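Residues per chain, in single letters:
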Amino acid sequence: MGRICPDGVAATADHARPIDANVIEAIADWCDALHGDLPLQDAFAALAAGLGAEAGMLVRTQFSDFRPMRVAVWDRAGGRNPSPLSVSYADGHFGPPIARPRAASVWLSSSDDDAGDRDPALEGWQMRRGLGEFAVLVLAGGPGARDHIELHFRAALVPATLAALGAVLPTMARTWTNRQVGLVTRTAQGLSARTLDRC
């Protein structure tokens, strides 16, 4: 199914290591951004980079039409690569099981053993970019919408990174539920304006 733990990845004694200082600083910036003290786009970029991703996207999917809305996007090689991250892959890859996931859950493509009706778009994009792992971090899965983070990595995640995700995701999900009203809409509109300016 792809989900590796219903409440995030548990950090076992074997894999419990100190979380990198960059990740701790990025989480602090994330919390500040959710209260309007920093631009969410900047905090998201620092978080994705701190976790070792090559690209990432913060996405809101309304259950009324299941059309993902890009809220924030970061791509380490986006400006230099002919295939920048521009679309959400969560629903196409994980299908119906991720439609209404539990908050603070982590979904990994490398743990997804159901290749049934999977959309091949993710695999094609990963091949063009030389990427090997796709992770979805669920922030909220309420009655009307799902908010999640998509991260793309060069290779399968090592236990230390999984432990770091397990340690920070519950806090990220909690702070997400208490974010400043209107933050998602404002950030998404800013992203759309920046995208149109480049066309």
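So, how was this worked out
- Residues numbered from 1 in each chain as written.
- Predicted model: local features only at pLDDT ≥ 70, side-chain atom pairs only at ≥ 80, totals over all residues.
- Heavy atoms only, no water.
- Helix = DSSP H or I, 4+ residues; strand = E, 2+ residues; numbered from the N terminus.
- Expected span 1.5 Å × (residues − 1).
- Buried < 20%, exposed > 50% of the residue type's maximum accessible area, 1.4 Å probe, protein only.
- Arc of directions from axis to C-beta.
- Polar contact = N/O pair within 3.5 Å; in protein donor to acceptor, adjacent residues only side chain to side chain.
- pLDDT = per-residue confidence, 0-100.
- Contact = heavy atoms within 4.5 Å.
- Axes fitted to C-alpha atoms, helices over the stretch in contact; angles between N-to-C directions.
- Parallel < 35°, antiparallel > 145°, perpendicular 65-115°, else oblique.
- Left-handed = near helix turned anticlockwise from the far one by under 90°.
- Bend = angle between axes of the 7 residues up to and from the residue.
- Phe/Tyr/Trp six-rings, centres within 6.5 Å; stacked < 30°, edge-to-face > 60°.
- Lys NZ or Arg CZ within 6 Å of the ring centre and 35° of its normal.
- Core = buried A, V, L, I, M, F, W, Y, C linked by side-chain atoms within 4.5 Å.

> Quick question: what am I supposed to make of helix α1 (residues 21-34) here?
Note that an α-helix has 3.6 residues per turn; residues three or four places apart therefore point the same way. When the terminal C-alpha atoms of α1 are compared, their 20 Å separation across 14 residues agrees well with the 20 Å that a helix rising 1.5 Å per residue should span. Among the residues of α1, V23, A26, I27, W30, C31, A33 and L34 are the ones counted as buried. The buried residues of α1 occupy an angular sector of 160 degrees when projected down its axis, which confines them to one face. In α1, those exposed residues whose orientation departs by more than 90 degrees from the buried face are A21, N22, I24 and E25. Downstream of α1 by one or two residues, G36 has phi in the positive range, about 85 degrees.

> Got a minute to help me understand the side chain of H93 in this structure?
Tracing the backbone through its elements, the reader meets H93 in helix α3 (residues 90-94). A polar atom in the side chain of H93 sits 3.4 Å from the side chain of R118.

> Would you mind showing me how to read the confidence of the model for the chain here?
Close inspection of predicted coordinates is inappropriate for parts of the model with low pLDDT. Averaged over all residues, the pLDDT of the chain equals 85, while 86% of them reach at least 70. Here strand β1 (residues 3-5) stands out as the element of the chain with the lowest mean pLDDT, 44, in contrast to strand β6 (residues 145-153), whose mean of 97 is the highest. Ignoring residues within four places in sequence, the model shows residues 3-17, a span with pLDDT below 50, making 29 contacts including any to other chains.

> Sorry, what's going on with the side chain of R60 here?
With respect to the element layout, R60 can be found in strand β2 (residues 55-62). There is a polar contact of 2.7 Å between the side chain of R60 and the side chain of D147. When neighbours within four sequence positions are excluded, R60 is seen to be in contact with R67, P68, M69, V71, A145, R146, D147, R179 and V184.

> Even after reading the chapter, I still don't get the packing of α1 against helix α2 (residues 40-50), so can you show me in this structure?
How two helices sit against one another is set out by the angle between their axes and by the gap between those axes. Contact geometry of α1 with α2 gives a least axis separation of 8 Å together with a crossing angle of 160 degrees. The orientation of α1 with respect to α2, classified from their angle, is roughly antiparallel. Read as a crossing pair, α1 and α2 show a hand that is left-handed. Contacts between α1 and α2 involve V23, A26, I27, D29, W30, A33 and L34 from the former and L40, A43, F44, A46, L47 and G50 from the latter.

> What am I meant to see in helix α5 (residues 159-177) here?
With 19 residues, α5 should cover 27 Å at 1.5 Å per step; its first-to-last C-alpha distance of 28 Å lies within 8% of that length. At V168, α5 is bent by approximately 35 degrees, the largest bend along its length, and proline P170 sits one to four residues beyond. Buried within α5 we find L162, A163, A164, L165, G166, V168, L169, M172, A173, T175 and W176.

> Sorry if this is basic, but what is going on with the packing of aromatic side chains here?
Think of a pair of aromatic rings as described by two things: how far the centres are apart, and how the planes are tilted against each other in angle. Under the defined criterion, the tally for this structure stands at five aromatic pairs. Arranged with centres 5.8 Å apart and planes meeting at 20 degrees, the rings of W30 and W176 form a pair that is stacked. With W30 in helix α1 and W176 in helix α5, this pair connects stretches of sequence that are 146 residues apart. Here W30 and W176 have matching classes, each one buried. Here the aromatic cluster, defined as three or more aromatic residues joined through ring pairs, consists of F94, W107 and F134. The aromatic ring of F63 is capped on one face by R100, whose charged end is 4.1 Å from the ring centroid.

> I would appreciate a short explanation of the nonpolar core in the present structure.
The tendency in soluble globular proteins is for nonpolar side chains to be buried side by side. Counting residues in each nonpolar core, the largest one holds 39 residues, and the members touching the most others are W30, L58, I149 and M172. Elements represented by at least two residues in this core include exactly α1, α2, β3 (68-75), β4 (106-108), β5 (133-141), β6, α5 and α6 (183-198). Aside from chain neighbours lying at most four places away, what touches L58 is W30, L40, F44, M69, R70, V71, A72, L139, H148, I149 and W176. Core analysis: the second largest hydrophobic core is formed by 17 residues, A90, F94, F134 and V136 among them.

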